[in-house]
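Chain by chain, the residues:
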Amino acid sequence: MKNILLTICLCVFGFASYAQDNVVKGKILDSSGLPLPGVNIIVEGTTNGTSTNFDGNYELKCAMGDALVISFMGFKTQTITVASWTVNCTLEDDTELLDELIVVGYGVQKKSNMTGSVTNIKADDLKTVTTPNIANMLQGKAAGVYVSANSGRPGAAPRIRIRGKSTLSGSVDPLWVVDGVIQAEAPDLNAQDIESTTILKDASATALYGSRAANGVVLVTTRSAQADQSKISISVKTGVSDLSLGNFSMMNAAEMTDYIKSFGNGYADLDWFTEDAQNVDTDWFDEGTKLGVVQDYGISFSGGNDKMKTYISGNVYDESGAVKGYDYTRYSGRMNVDYKIRDYLTLHPKMSFTYKDIQDKQQGVSEMFLNMPYDRPKDDNGNIINPKDETVGWIGRDRSNSIYDLQWNYSESTTLKLSPSLGFDVKIAPGLSFVSSNSFDYQHYNSMSYTDPQSSSGQNDGGSISNYHWKSMNQFSNQLLRFTKSIDEHFFTVMAAYEYNNYEWSTTKAQKNGIVSGTSILDAGAEMKNIEGSKDHYAFKSYLFNANYSYSSRYMAQFSFRRDGSSKFGEDTRFGNFYSISGGWNIHNEDFFDIKEINVLKLRASYGVLGNTPGDYTVNNKSNYHPSKELYSITNQYNGVPVISANQLGNDDLTWEKTYSTNFAVDLRIFDRFDINMEYYIKDTKDLLYYVSLPATSGFNGYWENIGAVKNKGVEFLIGADIFKAKDNNFAWHIDANVGFNTNEVQELYENKEFTSGNKIRREGEDMDTWYMRKWAGVNSEDGKPQWEVIGEDGTTSLTSNYNDATNQIVGSSSPDFFGGLSSVMSYKNFSLNMNLDFVSGIDIYNSSRELYDNDGAYASFNSMSLKSGWSRWTKPGDIATHPQALNGGNSLSNKTSSRYLENGSFLKLRNVTLNYSFAGFKEKSLLNNLSVYVSAENLLTITDFSGIDPEVGNENSEGETSQYGDYAIPRRFMFGFNFSF
């Protein structure tokens, strides 16, 4: 870091200013305030001209009184008379086909000149979703980007998979970059602060982030102020949320009674099954849920002049969960400043913070489904029932009544994240600039869990208090030289940079038992139950180069190279080289192209190599920050004395996992109304990072090796259509639709050995998310017993009712066949109606919770799920049924893991509908500039055959599988809000 700081100081103070006589200077911006590179500025009536550099700046020799003609494709040409030696200009859009600027790696590019696979999502397209997590806002917005929620709990983060999964043991999450700063994890951001979000998908787009870019990159640009525009904006959103169980429901008392009475072997041993018990009918779901309340308030200020521009914002997001007892609150703030100290030096200090506060007395989701309707939470006098009290006659097997313990027990947690950064630009010479970005993210998490001595869970140890602290520091520095040059119709941009990223963290955890009721400090405990702590770190060092060339807005080429070093690998294998090359051809700009119906016809192609490191936690939930090292554990003890034991065998040859990415694309716009994009890609990953387990006799648990290969192939389609344009009748309707197809194949494994992970198998030639279990063969119509397939040694297939004799085999995959989304925007005068849908098809979900809820009598003292429409249960010989005969104690292990519970998880979701009205007619001198009000409904409708709560949510540790004891459904939300500025 000392070398980096020295470099920064030399660059700030080592460059001297210069000036020229009769030279006009300025900056050209688009209507949103972003700089425009490549804008032509010519002295009218002469050939004397220049073009703007990458930052939109220019210099031109001229005389006072000369007229400057400023032109750029997609914008209206402007003529400005030179009245001072500083002439800035904001260009207005010329046509509906705007050649928009898109943020990509370490800068911006014109859309028409891009050669990589990039999806740009505008800020307004993100705000339709009410969530504190930006990742949830991306659902259905980009082709090839699969976003699935794990839980509907407030603040829960979803999964994001860009063009499939390319690794078995490495990270499969995309890299997040905010304002040019690489993040250690998905960021916490206020939606009102986001200017745009760009998703980079192919090697051409992601190669500049070579390390960790194999899974795609998500770039987020936050807002900045515009010169000579001062504005205060306020946004208010509030509403309610409730849980929908979809096609899933549990039995009420009457259904449960009929179910038990139908047991083929009777129920004489169920002594609790009395008429008095059957008269109780508790709806545990209704007892544990409520209308959640969502509140989202934000305020921002932006303003400035040619010297200094400032954007300041604050936001409060508060959501009480639809499951009782959970409250999530987040406070966030941001300040972005651009300060032009000299003509050649501009500072870009930024500061953001996030503070999250979670109060958790949440009722158990599983309890709502498993508790018997014959039990009740309170007695006739309103007193909460203690299920452990033998006198109350509690029926449910687990003897759990969460509201009894939640009279006292709770947990709370806070997370503070501070993200200061200092960047600056130095203009060294015309077209040559130095850009420095330096930041660190500090995060501190603190939680406390309290178990009262009076509670059922605290009676054995006299209650307990547990504290957990976690803190991290992510340091980032990038020093970049950029050169931009325009010669006639040739436009060049070249950059070279050095980058350093260091991440470190530490944890402390302690628990004491035997406490005084009501205390909240560890010192009040009588017995130290547990104390532990850990710390670790990793670092990346990188050198990168990029060159972009375009000629006459017809031919484009790009080359990127990045050399990355990671502390996760050995000294001799630490560095990996990653690169990409791409090209594009704007055929519609050719002189020979005269098809008036086609406005844009562009071809793109790219090839490159990307890298990946082991995921942070993939082996026994332990950190993988040193996979190449020989590791020993010093945390074990023998007779109270610390001992050293072997843990991981070292591998000095371990190196980067590499993904070879190929992309072909066609971009079309026809009839000045329809935009069409088609892409085909191949992601071929080799040298897979894989943890090889070793026998106990070796003394080590295992070691890391580069073995195996995985290939993803896919096709993406995107179409945008202006169904109606608001030229004549004030009515406009625009639709965007996207769909992505991806296939995945394991091509090579260690010593060609297949292996299982949970209920999945990794086998050469198969999808890496292939289900492997006993294959369900339905119900024997003669005796009502379950049946599974048996595959003999000669390959013949037979049926058995003995679960242990059935054959494990491939039965499906949790990878979807295709997925995508559709958005519609209608507007008429001051009204607008927005709608967003997304869909997934061909995904097999293992509904593991049915092992408990749909158990054919195996757990008579658990509640059971009602049979879905179309299902039936065997009762007599000859019945063709989906479910075996219900027997007290179960029917031949019918509820054990098999493809019986593997279901089609395809769905179509109406994600959001928003009706907005914008008030017009405010006078220019009015305090209020604009005002809009809106109502919206979210997660309003899900069309699916899945019998579970929601095909989206599930086990966060096993993709495509529901949680064993029940999932937290994604709630429906009904919101009202308004925005105004003055």
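Note that this is a predicted model, so its numbers are computed, not measured.

Procedures and definitions
- Residues numbered from 1 in each chain as written.
- Predicted model: local features only at pLDDT ≥ 70, side-chain atom pairs only at ≥ 80, totals over all residues.
- Heavy atoms only, no water.
- Helix = DSSP H or I, 4+ residues; strand = E, 2+ residues; numbered from the N terminus.
- Rg over C-alpha atoms; globule rule 2.2 N^0.38 Å.
- Contact = heavy atoms within 4.5 Å.
- Phe/Tyr/Trp six-rings, centres within 6.5 Å; stacked < 30°, edge-to-face > 60°.
- Buried < 20%, exposed > 50% of the residue type's maximum accessible area, 1.4 Å probe, protein only.
- Lys NZ or Arg CZ within 6 Å of the ring centre and 35° of its normal.
- Pairing = 2+ DSSP bridges.
- Axes fitted to C-alpha atoms, helices over the stretch in contact; angles between N-to-C directions.
- Salt bridge = Lys/Arg side-chain N within 4 Å of Asp/Glu carboxyl O.
- Patch = residues over 30% accessible without salt bridge, like charges linked within 9 Å, V, L, I, M, F, W, Y side chains within 5 Å.
- Areas by Shrake-Rupley, 256 points an atom, 1.4 Å probe, with all protein chains shown as cover.
- Lys, Arg positive; Asp, Glu negative; His and termini not counted.
- Charge placed at Lys NZ, Arg CZ, Asp CG, Glu CD.
- Core = buried A, V, L, I, M, F, W, Y, C linked by side-chain atoms within 4.5 Å.
- Polar contact = N/O pair within 3.5 Å; in protein donor to acceptor, adjacent residues only side chain to side chain.
- Arc of directions from axis to C-beta.
- Disulfide = S-S within 2.5 Å.

**Q** Got a minute to help me understand the overall build of the protein chain in this structure?
**A** When helices and strands are tallied, the protein chain shows nine helices and 53 strands. Its C-alpha atoms give the protein chain a radius of gyration of 31 Å, near enough to 30 Å, the size a compact globule of 982 residues would have. Each principal axis of the C-alpha distribution contributes one length, and for the protein chain these read about 105 × 70 × 70 Å. Contacts in the protein chain between residues at least 24 apart in sequence constitute 68% of all its contacts with a sequence separation of at least 6.

**Q** So what exactly am I meant to see when it comes to the packing of aromatic side chains here?
**A** Working definition: an aromatic ring pair is given by the centre-to-centre distance plus the angle between the planes. Under the criterion given, the structure shown has 44 aromatic pairs. For the pair Trp284 and Trp394, a centre-to-centre distance of 6.1 Å together with 65° between the ring planes defines the contact as edge-to-face. With a gap of 110 residues between them, Trp284 in helix α6 (residues 284–288) and Trp394 in the loop between α7 (365–370) and α8 (402–405) connect regions that are remote in the sequence. Under the relative-accessibility criterion, Trp284 is labelled buried at 7%. Seen from their ring centres, Tyr691 and Trp704 are 5.6 Å apart, and the 70° between their planes marks the pair as edge-to-face. Placement of the pair is Tyr691 in strand β36 (residues 689–693) and Trp704 in strand β37 (residues 702–706), with a sequence separation of 13 residues. Overall, the relative accessible area of 0% leaves Trp704 in the buried class. Ring pairs connect the aromatic residues Tyr503, Trp505, Tyr538, Phe540, Phe569, Phe578, Tyr625 and Trp656, which therefore count as one cluster. Directly above the aromatic system of Tyr538 lies the positively charged group of Lys568, at a separation of 4.8 Å from the ring centroid. For the cation-ring pair, Arg900 lies above Trp776, with the distance from its terminal atom to the ring centre recorded as 5.1 Å.

**Q** Just to check I follow, could you spell out the sheet that holds strand β3 (residues 49–51) for this structure?
**A** Pairing between the strands of a sheet is mediated by backbone hydrogen bonds and can be parallel or antiparallel. Strand order in the open sheet made by the four strands is β3-β2-β5-β6, with antiparallel pairing throughout. Strands at the two margins of the open sheet, each flanked by one partner only, are β3 and β6 (78–81). Pairs of neighbouring strands in the sheet enclose a mean axial angle of 20°, with direction left out of account.

**Q** Is there a simple way to explain the pattern of salt bridges in this structure?
**A** If charged atoms from side chains of opposite charge come close, those side chains can pair. In this structure the tally under the stated criterion is 43 salt bridges. Among the ionic pairs, Asp343 bridges to Lys25, the shortest N-O distance being 3.9 Å. In this pair, Asp343 is assigned in the loop between β20 (326–342) and β21 (345–360) and Lys25 in strand β1 (residues 23–29), connecting sequence segments 318 residues apart. In this structure, the salt-bridge partner of Asp769 is Lys760, at a minimum N-O distance of 3.1 Å. Judged by its relative accessible area of 5%, Asp769 falls in the buried class. Residues participating in the shared-partner salt-bridge network are Arg159, Arg161, Lys165, Asp173, Lys760, Asp769 and Glu959.

**Q** I would appreciate a short explanation of unusual backbone geometry in the present structure.
**A** Residues other than glycine seldom take positive phi values, yet Ser892 does so here, at roughly 55°. Looking at the secondary structure, you find Ser892 in the loop between α9 (850–853) and β50 (902–904). For Ser892, a relative accessible area of 27% translates into the label partly exposed. The backbone of Asn939 sits at a positive phi, close to 50°, despite the residue not being glycine. Take Asn939: its relative accessible area is 12%, and that puts it in the buried class.

**Q** How do you make sense of a negative patch on the surface when you look at a structure like this?
**A** A cluster of acidic residues, Asp281, Asp283, Asp286 and Glu287, forms a negative patch on the protein surface. Tracing the sequence through the fold places Asp286 in helix α6.

**Q** Could you clarify how one ought to interpret the sheet that holds strand β7 (residues 89–90) in this entry?
**A** In spatial order, the strands read β4-β1-β7; together these three strands make up an open sheet with mixed pairing. Two strands lie at the open edges of the sheet, namely β4 (57–61) and β7, each paired on one side alone. Bridge count between β1 and β4: five bridges; the pairing is antiparallel. By the bridge assignment for β4, Gly26 is matched with Tyr58.

**Q** How do you make sense of the nonpolar core when you look at a structure like this?
**A** Across soluble globular proteins, you tend to see nonpolar side chains buried next to one another. Core analysis: the biggest nonpolar cluster contains 28 residues, and Tyr106, Val118, Val177, Leu200, Tyr209, Val217 and Leu219 have the highest contact counts within it. Of all elements in the fold, only β8 (101–104), β13 (175–178), β14 (181–182), α3 (203–206), β16 (217–222), β24 (464–487) and β25 (490–513) reach the threshold of two or more residues within this core. Of the residues forming this core, the biggest block, three residues, is contributed by β8. Excluding residues within four positions of it along the chain, Val118 makes contact with Ile102, Val104, Thr198, Ile199, Leu200 and Ala205. Core analysis: the second largest hydrophobic core is formed by 20 residues, Ile121, Trp176, Val178 and Ala191 among them.

**Q** Quick question: what am I supposed to make of the pairing of strand β5 (residues 67–71) here?
**A** Where a strand is regular, its side chains alternate between the two sheet faces. Across four bridges, the pairing between strand β2 (residues 40–43) and β5 is antiparallel. Looking across to β5, one finds that Val43 is bridged to Leu68. In the sheet, β5 pairs with β6 via four bridges, with the strands oriented antiparallel. Along β6, the bridge assignment pairs Leu68 with Ile80.

**Q** How do you make sense of the side chain of Lys725 when you look at a structure like this?
**A** Summarising the element assignment, Lys725 is placed in the loop between β38 (709–724) and β39 (731–748). For Lys725, a relative accessible area of 16% corresponds to the buried category. Among the polar contacts listed, one links the side chain of Lys725 to the backbone oxygen of Asp672, at a separation of 2.5 Å.

**Q** Just to check I follow, could you spell out the pairing of β16 for this structure?
**A** Counting buried residues along β16, six of its six residues qualify, which places the element largely inside the surrounding structure. Taking every second residue as pointing to the same face, both faces of β16 are buried, with Val217, Leu219 and Thr221 on one and Val218, Val220 and Thr222 on the other. Bridging between β13 and β16 involves four bridges; their strand directions are parallel. Within the sheet, the bridge partner assigned to Val177 lies in β16 and is Leu219. Pairing between strand β15 (residues 194–200) and β16: six bridges, direction antiparallel. By the bridge assignment, Ser196 is partnered in β16 with Thr221.

**Q** What should I look at first to understand the environment of Asn706 in this one?
**A** Tracing the backbone shows Asn706 in strand β37. A residue is classified by how much of its surface remains accessible, and Asn706, at 15% relative accessible area, is buried. As for Asn706 and Asn651, which are separated by 55 residues in sequence, their C-alpha atoms are 9.8 Å apart. Aside from chain neighbours lying at most four places away, what touches Asn706 is Asp653, Leu654, Thr655, Trp656, Glu657, Asp687, Leu688 and Leu689. Of the polar contacts made by the side chain of Asn706, one reaches the backbone nitrogen of Thr655; its length is 2.9 Å. Engagement of the side chain of Asn706 in a polar contact is seen with the backbone oxygen of Asp687, the distance being 2.9 Å.

**Q** Would you explain helix α4 (residues 253–261) in this entry?
**A** Three- or four-residue spacings in an α-helix give side chains the same orientation, since the helix completes a turn every 3.6 residues. When we look at burial in α4, the residues that qualify are Ala253, Met256, Thr257, Tyr259 and Ile260. An end-on view of α4 places all buried positions within 160° of arc, on one side of the element. Taken together, the buried residues of α4 touch α5 (275–278). The backbone nitrogen of Ala254 has a side-chain oxygen 3.2 Å away, supplied by the residue at the start of α4, namely Asn252.

**Q** Looking at this model, I keep getting lost on the environment of Leu243. Mind explaining?
**A** For Leu243, the position within the fold is in the loop between β17 (231–242) and α4. Considering only alpha carbons, one finds Leu243 and Ile735, 492 residues apart in sequence, at a separation of 30 Å.

**Q** Is there a simple way to explain the state of the cysteines in this structure?
**A** One way to say it: the disulfide is the covalent bond shared by the sulfur atoms of two cysteines. Counting across every chain of the model gives zero disulfides. For the unlinked cysteine Cys62, the closest cysteine sulfur is that of Cys89, found at 14 Å. Judged by relative accessible area, Cys62 falls into the buried class, the value being 9%.

**Q** Would you explain a nonpolar patch on the surface in this entry?
**A** Nonpolar side chains collect at one region of the surface, where Val240, Leu291, Val293, Leu908, Leu940, Leu941, Ile943 and Phe974 lie side by side and expose about 640 Å² of accessible area between them. Broken down by element, the residue count for the nonpolar patch peaks at three residues, all from strand β52 (residues 930–944). When you line up the elements, Leu940 lands in strand β52.

By themselves, these are just geometric observations and shouldn't be taken as functional.
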